[in-house]
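Single-letter residue listing:
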Amino acid sequence: MNRLVARDLTLAYEQRVVAEGLGVEVPDGSFTVIVGPNGCGKSTLLRALARLLKPREGAVFLDGEPILGQPAKQVARRVGLLPQQPVTPDGITVADLVARGRYPYQRLLRQWSREDERAVAAAMEAVGVTELADRVVDELSGGQRQRVWLALVLAQETPIMLLDEPTTFLDIAHQIEVLDLCSRLHEEGRTLVAVLHDLNHACRYATHLIAMRGGEIVAQGRPSDIVTAELVERVFGLPCRIIDCPETGTPLVVPADRRKALTAGML
Amino acid sequence: MSTPVREAPVRKEPVRAAAALGRAGGLLILAGALVAAMAASLAIGAENIPLGRVVDGLLHPDGSREALIVQDLRVPRTLLGVVVGASLGLAGALMQALTRNPLAEPGLLGVNGGAAFAVVLVIAFLDTRTSLVYVWAAFAGAAGAAVLVYAVGSYGRAGATPGRLVLAGAALNAVFSALTAGVMLLDPRTFDGFRFWQVGSLASRDLEVVAQLGPFMLAGAVLGLLLARPLNALALGEDAGRALGVSPARTRALGALAIVVLCGSATAAAGPIWFLGLAVPFMVRSLVGPDQRWVLPYSLLLAPVLLLAADIAGRVVARPGELETGIVTAFVGAPVFIWMVRRGKAPKQ
Ligand SMILES: Nc1ncnc2c1ncn2[C@@H]1O[C@H](COP(=O)(O)OP(=O)(O)O)[C@@H](O)[C@H]1O
Ligand SMILES: [Mg+2]
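Residues numbered from 1 in each chain as written. Chains lettered and ligands numbered in written order. Predicted model: local features only at pLDDT ≥ 70, side-chain atom pairs only at ≥ 80, totals over all residues. Heavy atoms only, no water.

## Digging into the domain arrangement of chain A
Residue and element names in this part refer to chain A. Along its sequence, chain A is carved into domain 1 (1–78 + 158–236) and domain 2 (90–153). A separation of 24 Å is found between the C-alpha centroids of domain 1 and domain 2. Each side of the interface is counted separately: domain 1 has 15 residues, and domain 2 has 13 residues. With both chains or domains summed, domain 1 and domain 2 bury close to 1300 Å², and 63% of this area falls on carbon and sulfur atoms. Sorting the residues of domain 1 by area buried against domain 2 places Lys 73, Arg 77 and Leu 181 first, and these three jointly supply 39% of that buried surface. Applying the counting criterion to the domain 1 and domain 2 interface returns 1 salt bridge. Across the domain 1-domain 2 interface, the total number found is 5 residue pairs in polar contact (both at pLDDT 80 or more). For the side of domain 1 that touches domain 2, the secondary structure elements donating two or more residues are helix H2 (72–76), strand E7 (160–164) and helix H6 (172–187). For the side of domain 1 that touches domain 2, the class distribution of residues is 8 nonpolar, 2 polar and 5 charged. (Domains from an automatic or database assignment. Contact = heavy atoms within 4.5 Å. Buried area = accessible area lost by both parts, 1.4 Å probe. Salt bridge = Lys/Arg side-chain N within 4 Å of Asp/Glu carboxyl O. Polar contact = N/O pair within 3.5 Å; in protein donor to acceptor, adjacent residues only side chain to side chain. Helix = DSSP H or I, 4+ residues; strand = E, 2+ residues; numbered from the N terminus. Nonpolar A, V, L, I, M, F, W, Y, C, P; charged D, E, K, R; others polar.)

## With respect to the interface of chain A and chain B
Interface size is often expressed as the accessible area that is lost when the parts come together. On the side of chain B, 35 residues touch chain A, which itself brings 54 residues to the contact. In this assembly, chain A packs against chain B so that about 3800 Å² is buried in total across both faces, 56% of it on carbon and sulfur atoms. Here chain A and chain B share 1 salt bridge between them. Ionic pairing is found between Arg 47 of chain A and Asp 239 of chain B, a salt bridge with its closest N-O pair at 2.9 Å. Where chain A packs against chain B, one counts 6 residue pairs in polar contact (both at pLDDT 80 or more). Counting residues per element, the ones that place at least two in the side of chain A that touches chain B are H2, strand E6 (79–82), helix H3 (94–99), helix H4 (114–127) and helix H5 (142–155) of chain A. Of all the elements, H4 of chain A adds the most residues to the side of chain A that touches chain B, at 7 residues. A class-by-class count of the residues in the side of chain A that touches chain B yields 26 nonpolar, 9 polar and 19 charged.

## Describing the sheet that holds E7 of chain A
All names here are of chain A. Within the open sheet, the 6 strands sit side by side as E6-E7-E8-E3-E9-E10. Their pairing is mixed. Looking at which strands have only one partner, the edges of the open sheet turn out to be E6 and strand E10 (216–221). Pairwise comparison of adjacent strand axes, ignoring direction, gives a mean angle of 15 degrees for this sheet. Judged from the 4 bridges that link them, strand E3 (residues 31–35) and strand E9 (residues 208–213) form a sheet pairing that is parallel. (Pairing = 2+ DSSP bridges. Axes fitted to C-alpha atoms, helices over the stretch in contact; angles between N-to-C directions.)

## Examining the coordination of the magnesium ion (ligand 2)
Residue and element names in this part refer to chain A. Coordination sphere of the magnesium ion (ligand 2), protein contribution only: Ser 43 (OG) and Gln 84 (OE1), at 2.0 to 2.4 Å. Of the two residues, Ser 43 is situated in helix H1 (residues 42–49) and Gln 84 in the loop between E6 and H3; the sequence distance between them amounts to 41 residues. The partly exposed category is assigned to Ser 43, whose relative accessible area is 21%. Classification of Gln 84 as partly exposed rests on a relative accessible area of 38%. (Donors = N, O, S within 2.8 Å, 3.2 Å for Na, K, Ca; no water. Buried < 20%, exposed > 50% of the residue type's maximum accessible area, 1.4 Å probe, protein only.)

## A look at the site of ligand 1
Residues and elements named next belong to chain A. Taken together, Tyr 13, Arg 16, Val 18, Asn 38, Gly 39, Cys 40, Gly 41, Lys 42, Ser 43 and Thr 44 make up all the residues around ligand 1. Between ligand 1 and Cys 40, the relevant distance is 3.3 Å, taken from an oxygen atom to a main-chain nitrogen or oxygen of the residue. Taken by itself ligand 1 offers 560 Å² of open surface, and the protein chains cover 62% of this. Only strand E2 (16–26) and H1 provide two or more residues apiece to the shell around ligand 1. When residues of the shell around ligand 1 are assigned to their parent elements, the largest contribution, 3 residues, is made by H1. For the shell around ligand 1, the residue count by class is 3 nonpolar, 5 polar and 2 charged. (Near = heavy atom within 4 Å. Areas by Shrake-Rupley, 256 points an atom, 1.4 Å probe, with all protein chains shown as cover.)

Written out as structure tokens, the structure is:
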């Protein structure tokens, strides 16, 4: 059985039910990407997988045990989460921010160790922000800031990392830079689950793709096996053609030019 | 964890280490400043006493006039200034961290309003003039108000979010001031008695007050300082903090408890002293940045230095009378605070 599994989840906020009977299995060692239209429940699912949201029904299992029954800090040593909108404290330096990722390893009598020091240095090195260690995070570019946040999750040294839209608000070059970095982290042996908005990026990087709509999983599998024009139409309501990416051979979604149809209709 | 992580050499990080060293040095300097302020508070007053004689008076209480002044008046007053200042500084820092609001003030939890109402009730309806009764009434009022604020603020399913707590505190504070004013209007003598409590003063309280409230303040301080790391994690946002293993509800409840104990005992001991709990953590963050492991102890040490300085100033400017401490803190603190805000150096939480 895979390490992170969700069964029969009913996820809800107070009145609003977001998903019912949702089952998800995150394949160990995969780079799983979740796609779907805004508001379909991607973040909600990620929060449930990270033990942040208590399902109304069903359960999330981590290493075979219900995740809610496990102490928060012990879960935090195995599952890391980069939320969609984390808060950067004003005036904090890069090294201090990354160091906060070590919280799950600290106890009253074991505050800061060489092990923490090593993990923070390794995390900054891995995302290439070592040179920025003493800079104030607010003053960095968007791409640098996102790498710093990734370093925080890396410093947590979890085998499973959940990333909620790690590339949103970045320009295209920085999006690719962050995704290449994620891909490397995956190749080093971690299990990654990321929510992405760009379908082409999802197809290019995912080893396992989950397409959601309205709180349900419409399809999942290898991108080249499941991504079809019909699926994209069903999930996003977008007519398109799928071609092979000349660079990677993965599916490339080309939206249909509806302006032609519109103009034709008007004639 | 056996996650393969690319091995990176453990770098010497001279700048970070230097920053930590600098901050630790700053703490030592502050501790020195506190000792100096205590010495000045023992020596300066309506009648100045040279430090040598202060020490003599402490070591060999010979019944001389100066020894008596030091022992009976200035020692209690100075110790009270230290514990009250430290409590208010730390409570303010905790409040701003918990609410993630750089302008939050411990009084927002309803503590001051509740304490004032309890004191006014005691003055109006109990025929007592012993300060210890006031003290315990104020403490009970502060705690009762905080519990009420917490209950109102966490009513409903969303629970006790910082914003709701502050709203509930503001509302209940207004209710308490109205009730307090009402009782005073009914009885002019109460008004007279209450006036002195209300301005906030370190004078004319005896050592017994410090002895009784000290253990509470100590417990509150230890609890507060232990919250530094969970508060640091929560500062990254509710979700990020929880993903790191923090329980926001527990951290908030413990933080509120520490604030109520600290601020409640400070208010009980010296009356409401506004401003210190608001301005000190604000100043501290512009000095040491957002790391609560530094912000909390710095606030704990800086606030009593300022409070003692204000108390001494109050004794000097109006000789042979004196200005109440609470008035001086506001008069001196406000311009400094406004200057800092305008300079834009003060960081948001
Ligand atoms: N804290 C919340 N309280 C109530 N409803 C929420 C909350 N967060 C999200 N929702 C609702 O739940 C649905 C799913 O949201 P979300 O999981 O954030 O979607 P996605 O990440 O796919 O864009 C949305 O309709 C959203 O409005
Ligand atoms: Mg989302």
